[in-house]
Amino acid sequence: MRRMNCNTITPEEFVYAARDFIELSNKYFDSWTIHQNDNEILNTYIKKEEFVSHRDENDKIFLYRAEYIIFYNLSYGVPSFSFNLWDCSGKLLTLEQVREISLMKISKEDFYSVVTQQEHPVMYRPYFIIHPCHTAKIVSAFRYTSRNLIITFLGLITPLIQLNLPLEYGL
Amino acid sequence: MTTIDDKQDIIQYVPFMSFVHPSFWHSLTDMKLNVDKLNENTKQIYGRYSYRDDIISVLEVDGTSFNKDPETEFHYINVTGTLMNKNTIEDFKNIDKAALINSVGEIMRANIQIKSWIDNPNSLLNFFVLSFADLKKFHYYYWFAFPAPSQPVVCLKEKCKNISTCFNEKQIKEISQSYQLLEISQKCFFAIVKDGDLYNVVTLSKILDKNRNKDEESNIDLTNTFFAFADHSNCENPGWPLRIFLAALFEYCPDLSKTIIKVIGIRCSKNGAINNSQIYNITVPETIQTPQNVGWVGWERNERGNFGPKLANMSSSMDPVKLADTSSDLNIKLMKWRLVPDLDVTIMKETKCLLLGAGTLGCHVARDLLAWGFRHITFIDSGKVSYSNPTRQVLYTYQDCLNGGRRKSEAAADNLKLILPTVQSKGLVFHIPMPGHPIGESLKDETVTNIELLTEAIKDHDVIFLLLDTREARWLPTLISAHYGKITINAALGFDSYLVMRHGISSAQEETSINSTFVSGDQLGCYFCNDVTAPGNSLKDRTLDQQCTVSRAGVAAIAGALAVELLVGTLQHPLRVKAPAVYNLTDEELDPKLQGVLGPIPHSIRGFLHSHQTVLPTCTKFKQCIACSEVVIGKYKEEGLDFLMNVFNSGTYLEDVTGLSELQLTAEMTEILTLSDEDQDTTSI
Ligand SMILES: [Zn+2]
């Protein structure tokens, strides 16, 4: 058998960090919520919804609802970031539309290598998922020093996606 | 004091924008299908809006809107609404919208007149949704209304100002704290009353008397009273709820006429502070009562800015057929996004595949095509599904064998749709004419028809798979495919060996130099090029491609998969059917131009399960090939049906035409003479 990879975290560590993070989120009036099922530890996830607006080239403003979900990625052994957006009629945005509203702060070329649409391992519906390939190394580097694993993880995500997080997290 | 410009200071209320979350449509659909069915009765639902200063002016509905009791959320006001879901698009279109909003308005007016709102202020606000759900397409037409009386018109005495102009920091904090203590049903409309140095947050029932006679004085101390409401607006203008609040207040106390009233629009930040709240000083007009027959307004404008319905096209996230389609496409796209950025995803979707033979090979090939994102698959087979088939022919089930068995090509096409409903698959049932199988007079018409059907089918498709169980049956499609320049992939099985190859096409034969490292795709040999005997002659002992060949169970799966991979490799090469086949694929210094996006593409793959060996022979067209040579294709072009009939009726006609008969003797001689050399070669592999 392969040796256990020391870059990964366990589901229990994830759930512990998620609970701790929710307390901080409440304290800073951020609106993350935790969804958990004691029998299915792998199905624990944290979620936040917010409105985001986008001004197009004709100065027309479009309003979207964004849903962010952080879940435990079993195959990589790290937290994973996923999201969906929809317009005022409830219609989900396509990958191309997500790119156009520049919610992601990366170049067009890098976009597709970082974000992909996939069937969500926890929600069982298509979501945009940020590829977790570099997460493991960085998360493990801060594993024992970081105040909270989720915050460290969000620090990796915020350069890519506009999340409007409270400054108090210290990112 | 500045002069008042009447026009400018008419209050412009900030309307609500409806915002529907996907879960609203899920719940509505569920309700319609399982509870309401054809019942068109209106339904009470809940919406909510926020008076947070960082949340835009929307009224949201979602899956919980249908709950018996509304969900509560910080800094949100729940609003009761009415949903009228029509059964037909005509009813939705034809219903009189002005009359509809007036009838809703009349109910609201009655509520105002019986003054029940004084005890239950949230009930003043209302919304209405008219909808039609096309549940076949998952299209939802809907139109929100936020009813309010069009009269009276009210003006501001002066520009609105921030709450800090009238209250100090400490007072604001106190107000915010006591506001939070109000019951949820009292939070939409309330009052702030000054008592000495103190400001008290009070419910409306504290200052308005429900049982007061209309002629009595209302006794509201206007200098010390602020009316207040939860204000969703984020700009200078007050939010829509104020409009209905004022109408109700004026109805309650006509003696407010010509006074100035002070109203606070409560706007809070996410930590609950209300420092961004606004104060509006309002000049109450002389005639303040809403006339009995006044019209009600409030239909929402759509995205084009017109008064008209909106459409939610939810098919991509709700239609299971579409979900299956996009989700299976994701597999291919992931490959592109993650590993092969130059992969052409659309070419698989657009390429039409014709599978000749819906047996073990045909079933495996079809499934692998589906997996690679192909969506056009046609089967040709004249056989029926028998009880021995389903375990090996992976598209069939026991059910297909019953009652004499379904036609294979039709069952295969239907079962493919069970796997992915959006696949365009069909089955054609006919027999493919074979050389050396004489056609009697009775079968002549049918044979002619079958030739035409096959020709049309080949012309209609981009790729032809030869997955037949006899060598003879491959001849006619090889010829026609080469003639029309189609990509042809051929697979044949032995007991524990297989051959998978691609064919060249009809084009002028080029002389290739001895030193060339590759053969251009169009110049590649066909299945028959390596043979020195024409089909129809079954005397020679063959290991491959014999009717009734029994194969090891994995052979068809391996060969089928390789056949599809060979096709995909070819399609992903910019030269497609002309994609070169290199002699030595393992050459590390292989010219990148000879490779496709997925690597170099062999001409043929021969595998032997016994020794677990694979070899990749490459050869050019054989000048005297009985299927793809210029002479044969030329004769087919010139004589057409007559030529074909001659071939079918005579086992040796093709050999005569191509001069193979003469060659054969020589060939056999050569074979014998070189035997010892070949033996040595084989052992040195
Ligand atoms: Zn040939």
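Chain B is annotated in an unreviewed UniProt entry as Ubiquitin-like modifier-activating enzyme ATG7 from Vanessa tameamea. On record in UniProt, under Subunit (unreviewed entry), the comment for chain B is "Homodimer." Under Sequence similarities (unreviewed entry), UniProt gives the following word-for-word description of chain B: "Belongs to the ATG7 family."

Per an unreviewed UniProt entry, the recorded name for chain A is Ubiquitin-like-conjugating enzyme ATG10, and the organism is Vanessa tameamea. Its UniProt record gives chain A the following Sequence similarities (unreviewed entry) comment, quoted word for word: "Belongs to the ATG10 family."

Visitor: Can you walk me through the sheet that holds strand 5 (residues 115-119) of chain A in this structure?
Guide: Backbone hydrogen bonds are what pair the strands of a sheet, in a parallel or an antiparallel way. Residue and element names in this part refer to chain A. Strand order across the open sheet formed by six strands is 1-2-3-4-6-5, with antiparallel pairing between neighbours. At either margin of the open sheet sits one strand with a lone partner, and together these are strand 1 (33-35) and strand 5. Neighbour-to-neighbour, the strand axes of the sheet open up by a mean angle of 35°, direction not taken into account. Looking at chain direction, strand 5 and strand 6 (residues 126-130) are connected through five bridges and run antiparallel.

Visitor: Sorry, what's going on with the interface of chain A and chain B here?
Guide: Note: interface size is frequently given as the accessible area lost on complex formation between the parts. Contacts between the two partners involve 25 residues from chain A, matched on the other side by 29 residues from chain B. Carbon and sulfur atoms supply 63% of the area buried between chain A and chain B, which totals about 2,200 Å² over both sides. Joining chain A to chain B, the criterion identifies zero salt bridges. Between the two partners, chain A and chain B, sit six residue pairs in polar contact (both at pLDDT 80 or more). In terms of residues, the side of chain A that touches chain B owes the most to one element, strand 5 of chain A, which gives four residues. Residue composition of the side of chain A that touches chain B, grouped by class: 12 nonpolar, seven polar and six charged.

Visitor: Explain the sheet that holds strand 21 (residues 497-502) of chain B to me, please; I cannot follow it from the model alone.
Guide: All names here are of chain B. Pairing in this open sheet of eight strands is mixed, and the strands run 18-17-16-19-20-21-24-25 from one edge to the other. Both outer strands of the open sheet, strand 18 (424-428) and strand 25 (613-615), are each paired with one neighbouring strand and no more. Ignoring which end each strand starts from, the neighbouring axes of this sheet average 15° apart. Packed on one face of the sheet, helix 15 (residues 441-460) meets strand 16 (352-356), strand 17 (376-380), strand 18 and strand 19 (463-466) and runs near 145° to strand 16. Those strands touched by helix 17 (residues 555-571) are strand 16, strand 19, strand 20 (487-493), strand 21 and strand 24 (604-608), and its axis lies near 15° from that of strand 21.

Visitor: Is there a simple way to think about the coordination of the zinc ion in this case?
Guide: For a metal bound by four donors in a tetrahedral arrangement, the ideal donor-metal-donor angle is 109.5 degrees, while six donors in an octahedral arrangement ideally sit at 90 or 180 degrees. Residues and elements named next belong to chain B. Bound to the zinc ion on the protein side are Cys526 (SG), Cys529 (SG), Cys625 (SG) and Cys628 (SG), at distances that span 2.2 to 2.3 Å. Classification of the site at the zinc ion as tetrahedral follows from its four donor atoms and the range of 98 to 123° in their angles at the metal. Sequence spacing among the residues donating to the zinc ion works out to C-x2-C-x95-C-x2-C. Within this pair, whereas Cys526 is found in the loop between strand 22 (518-519) and helix 17, its partner Cys628 is found in the loop between strand 25 and helix 18 (630-639), the two being separated by 102 residues in sequence. Both residues of the pair, Cys526 and Cys628, belong to the buried class.

Criteria and thresholds
Residues numbered from 1 in each chain as written. Chains lettered and ligands numbered in written order. Predicted model: local features only at pLDDT ≥ 70, side-chain atom pairs only at ≥ 80, totals over all residues. Heavy atoms only, no water. UniProt positions renumbered as here; feature names shortened; annotations may be inferred. Pairing = 2+ DSSP bridges. Helix = DSSP H or I, 4+ residues; strand = E, 2+ residues; numbered from the N terminus. Axes fitted to C-alpha atoms, helices over the stretch in contact; angles between N-to-C directions. Contact = heavy atoms within 4.5 Å. Buried area = accessible area lost by both parts, 1.4 Å probe. Salt bridge = Lys/Arg side-chain N within 4 Å of Asp/Glu carboxyl O. Polar contact = N/O pair within 3.5 Å; in protein donor to acceptor, adjacent residues only side chain to side chain. Nonpolar A, V, L, I, M, F, W, Y, C, P; charged D, E, K, R; others polar. Donors = N, O, S within 2.8 Å, 3.2 Å for Na, K, Ca; no water. Tetrahedral: all angles 85-135°; square planar, octahedral: opposite > 155°, others 65-115°. Buried < 20%, exposed > 50% of the residue type's maximum accessible area, 1.4 Å probe, protein only.

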